[in-house]
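Breakdown of the fold
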Amino acid sequence: MAFIFVILTILIALSIEQIIVKKRKSALVSSVSGFPVFNKSSIYAPEGYLMSKYHTWVHPEDKAVKVGIDNFAVKALGNIFIKSIVNPGESVKKGDSIIKAEVHGKQINFRSPVSGTIKAINKYLFNNTVKDAYGNDWGLLIEKEDDSENLMSENQAQHWLKTEMRRLKDFLAESSFTPEAVGMTMYDGGNIVEGVVSSLSTNVIPDFEEQFLSGHNA
């Protein structure tokens, strides 16, 4: 009789635990349902744009190239607050820092996809956040030194960006990322809440820069 009582107690406890887990899962979905999300279909390379593994893009202009931050970085980091851009007339090499920004109180650098001379900068971007990644929120114009830069065209870039999305999910998992703690993913298995990286510990942001913006691990 005592044995049956113990078994029933265990079964009741397990049932209660399952109910609690389901309620937590439901609450999590509700907590993120009001936030914008992105997935691999949201990340793209527009026609006519060339992408670099620094998550900066290039668009050919008359005698120079327009350069900006791609929408993968914008969606992963969220509010990228632009602090400074290299001055017109300066020469830069591919991989040099050209835009300094702040994300969640941490400085982050975006690197040049080409070598050349700065011809102009987008002054309206100062002390603002990047919203229109491929439009009004471009960063600068660079007169390229040559055409030998290793940039990706639309189809190649699109394949690479899908790979970057997989790397991002792995990065979040390795960064002690738990949906219960920060409520930053949806339970449909594909969507990520915009700005997820800046919503984690500030120590994650330098790691993100090293993993995704330095070109070392791409």
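The preceding data block contains the structure.
Residues numbered from 1 in each chain as written. Predicted model: local features only at pLDDT ≥ 70, side-chain atom pairs only at ≥ 80, totals over all residues. Heavy atoms only, no water.

**Side note on the pattern of salt bridges**
- Inspection of every chain in the model, using the stated rule, returns 5 salt bridges.
- Across the salt bridge formed by Lys75 and Glu194, the nearest N and O atoms sit 3.1 Å from each other. Placement of the pair is Lys75 in helix 2 (residues 71-77) and Glu194 in the loop between strand 11 (192-193) and helix 5 (196-199), with a sequence separation of 119 residues.
- For Lys75, a relative accessible area of 18% translates into the label buried.
- Residue Glu194 is classed as partly exposed on the basis of its relative accessible area, which comes to 30%.
- Residue Lys93 is joined to Glu145 by a salt bridge in which the shortest nitrogen-to-oxygen separation is 3.6 Å. Of this pair, Lys93 sits in the loop between strand 6 (91-92) and strand 7 (97-103) while Glu145 sits in the loop between strand 10 (140-144) and helix 3 (154-174), and the two are 52 residues apart along the sequence. (Salt bridge = Lys/Arg side-chain N within 4 Å of Asp/Glu carboxyl O. Helix = DSSP H or I, 4+ residues; strand = E, 2+ residues; numbered from the N terminus. Buried < 20%, exposed > 50% of the residue type's maximum accessible area, 1.4 Å probe, protein only.)

**A word on the pairing of strand 3 (residues 56-60)**
- Bridge count for strand 2 (residues 50-51) against strand 3 is 2 bridges, and the pairing is antiparallel. Paired with Met51 across the strands is Trp57, a residue of strand 3.
- In this structure, the hairpin formed by strand 2 and strand 3 is closed by a connection of 4 residues, where His55 is found at a positive phi of approximately 60 degrees.
- Sheet topology note: the strand 3/strand 4 (residues 65-69) ladder contains 5 bridges and is antiparallel. Looking across to strand 4, one finds that Val58 is bridged to Val67. (Pairing = 2+ DSSP bridges.)

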